[in-house]
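Coordinate inspection notes
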Amino acid sequence: MEIKKPNINLFIVGAAKSGTTSLYSYLAQHPEVFFPDVKEPNFYSDAESHNPSAYIKPKKGKFYHNKIIKDANVYYSLFDEVGNQKVVADASPSYLWDQKSAKRIYEDFPKAKIVMLLRNPVQRAFSQFLMDLKDGNQTETNFKQALLNDAETKPQVWGRAHLYIKIGLYHDQVKAYIDTFGSNQVKVIIYEDFIKNAAFYLKDICEFLDINTTFIENIDYDKVHNPFVVPKGNISKLILKYKNKIGLVKMLVPRFIKEYLNKEMLFKQEKKPTMLEEDKAYLKAIFAEDIVKLERLLERDLKQWKE
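What comes next is a walk through the structure.

Attention shifts here to the overall build of the chain. Secondary structure summary: the chain contains 14 helices and nine strands in total. Classification of the 307 residues of the chain by burial places 49% in the buried group. With the model as given, the accessible surface of the chain reaches about 16,200 Å², and the carbon-plus-sulfur share is 51%.

Now for helix α6 (residues 143-151). Turning to α6, its buried residues are Phe-143, Ala-146, Leu-147 and Asp-150. Buried residues of α6, viewed axially, fall in a sector of 100 degrees; they line one side. Looking at where α6 begins, the residue whose side-chain oxygen comes 3.2 Å from the main-chain nitrogen of Lys-144 is Asn-142.

Our next topic: the packing of aromatic side chains. Inspection of every chain in the model, using the stated rule, returns 21 aromatic pairs. Measuring from centroid to centroid gives 4.8 Å for Phe-43 and Tyr-44, while their planes differ by 80 degrees, and the two rings are edge-to-face. Classification of Phe-43 as buried rests on a relative accessible area of 15%. Each ring, one from Tyr-75 and one from Phe-79, has its centre 5.4 Å from the other, and the planes form 75 degrees; the classification is edge-to-face. Residue classification places Phe-79 among the buried residues on the basis of a relative accessible area of 4%. Aromatic ring contacts, followed pair by pair, group Phe-11, Phe-34, Phe-43, Tyr-44, Tyr-75, Tyr-76, Phe-79, Tyr-95 and Phe-109 into a single cluster. The side chain of Lys-39 reaches across the aromatic face of Tyr-24, ending 5.4 Å from its centre.

With that settled, the discussion passes to unusual backbone geometry. Here the amide bond leading from Gly-14 into Ala-15 is cis, since omega sits at 5 degrees, within 30 degrees of zero. You can see Ala-15 is positioned in the loop between β1 (10-12) and α1 (20-27). Pro-155 follows Lys-154 through a cis peptide bond whose omega is -5 degrees. Mapped onto the secondary structure, Pro-155 falls in the loop between α6 and α7 (170-181). A positive phi angle is found at Lys-17, which is not glycine, with a value near 60 degrees. Locating Lys-17 in the fold gives a position in the loop between β1 and α1. One non-glycine residue, Asn-42, adopts positive backbone phi at about 60 degrees. Inspection of the secondary structure puts Asn-42 in the loop between β3 (38-40) and β4 (64-66).

To continue, consider the packing of α6 against helix α13 (residues 277-298). In a packed pair of helices, the relevant descriptors are the angle between the two axes and the axis-to-axis distance. Where α6 contacts α13, the axes come no closer than 9 Å and their chain directions differ by 35 degrees. Contact residues: Phe-143, Lys-144, Leu-147 and Leu-148 in α6; Asp-279, Tyr-282 and Leu-283 in α13. In the contact of α6 with α13, the residues fall into five nonpolar, no polar and two charged.

Evaluated as defined, the whole model comprises 13 salt bridges. Here Lys-39 makes a salt bridge to Glu-40, at a shortest N to O gap of 2.8 Å. Comparing Lys-39 with Glu-40, the two get one shared label, buried. Residues Lys-306 and Glu-295 are paired through a salt bridge, measuring 2.8 Å at the closest nitrogen-oxygen approach. Here the residue Lys-306 occupies a position in helix α14 (residues 303-306), and Glu-295 occupies one in helix α13, the gap between them amounting to eleven residues. The buried category is assigned to Glu-295, whose relative accessible area is 14%. If you follow the salt bridges from partner to partner, you end up with Asp-46, Asp-98, Lys-100 and Arg-104 in one network.

Scoring rules and cut-offs
One numbering rule holds for all chains: residues counted from 1, following each sequence as written. Local features are withheld for residues below a pLDDT of 70 in this predicted model, meaning they are given only at 70 or higher, and side-chain atom pairs are given and counted only at 80 or more; totals for whole chains, interfaces and linings count all residues. Think of the side-chain values as coming from all heavy atoms in the structure, minus any hydrogens and water. The way it works is that DSSP assigns letters per residue, a run of H or I at least four long becomes a helix, a run of E at least two long becomes a strand, and they are numbered from the N terminus. Type-normalised accessible area, obtained with a 1.4 Å probe on protein chains alone, sets the label of each residue: buried when under 20%, exposed when over 50%, and partly exposed for intermediate values. Exposure was quantified through the Shrake-Rupley algorithm and a 1.4 Å probe, taking into account, for residues, occlusion by the shown protein chains and nothing else. Throughout, the arc means the angular range of directions from the helix axis out to the C-beta atoms. Polar contacts here mean pairs of N or O atoms no more than 3.5 Å apart (in protein, one a potential hydrogen donor and the other a potential acceptor; neighbouring residues in sequence count only if both atoms are side-chain atoms). Side-chain rings of Phe, Tyr and Trp, where Trp is taken by its six-membered ring, are said to pair if the distance between their centres is within 6.5 Å; with planes under 30 degrees apart they count as stacked, over 60 as edge-to-face, and otherwise as tilted. As a reminder, the over-ring test applies to NZ of lysine and CZ of arginine, requiring each to be within 6 Å of the ring centre and within 35 degrees of the ring normal. Lines fitted to C-alpha atoms define the axes here, with helix axes fitted over just the stretch in contact, and angles between the N-to-C directions of these axes take values from 0 to 180 degrees. Here a residue-residue contact requires only that any non-hydrogen atoms of the pair lie within 4.5 Å. Three residue categories are used. Nonpolar comprises Ala, Val, Leu, Ile, Met, Phe, Trp, Tyr, Cys and Pro, charged comprises Asp, Glu, Lys and Arg, and polar comprises the others, including Gly. The salt bridge definition used is simple: a Lys or Arg side-chain nitrogen within 4 Å of an Asp or Glu carboxyl oxygen.

Shape is all these values report; function is a separate question.
Here is the structure:
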């Protein structure tokens, strides 16, 4: 049976590790905004996953951070519970990296609004590297070597390669959305500005979406989303190394047990390590030209990324 297409009118498209989870968490509290129980459906991108459970159809009423959904009826069914909310949203960072996504979204929802957060690409790459180490998706502990290894990974696809550098080459990715939807339907926010004054930019986004701005006064902006943690020991590292191979078994474990294991058994919170200056210089040289092109496209000074 074909499911009726919902009226999705907001896509938060990324970039990865640039505050999209925080923005999602803030907007999800708004009574005029609907998000499905799958935070990242990845329907409009060619994303893949090492975890076989990501491809399994989501169950109603159960929250999933990430799924790889290819079937339109399954995707549309995520929005069955939409009520009278003014904004119906999808928050999948893979949509920015995959330049085909803009046209695919436009074909279905030409009037949708697009929100993207962009982070200093050097710091974004390092942040993703740390996350991959935490999750057991990266075994190379030397950042520079991880960058070189990733550049040789085939295929260069979201979910297969890490795309540490490619995700941060923003100009063409942003241009694809502006060219497709028009600048009036696209809002670009700089991550470094957002984290300094989240309330200001959240109000700006609410005005962009034409929804009430008063709710933002009750949000806890001090809560850290995706804090930096590391495996507690060798046993934790071993479990994380093979976690994708036991992904299907994990589905049988109740969520509260998995949350306890993650918080109490597998990880400990630590201060984030810093990037080596030579690695920073290496990446700055790679991103320099793209940043200048992005400045021209957005007509915005991004000197804070160059300093």
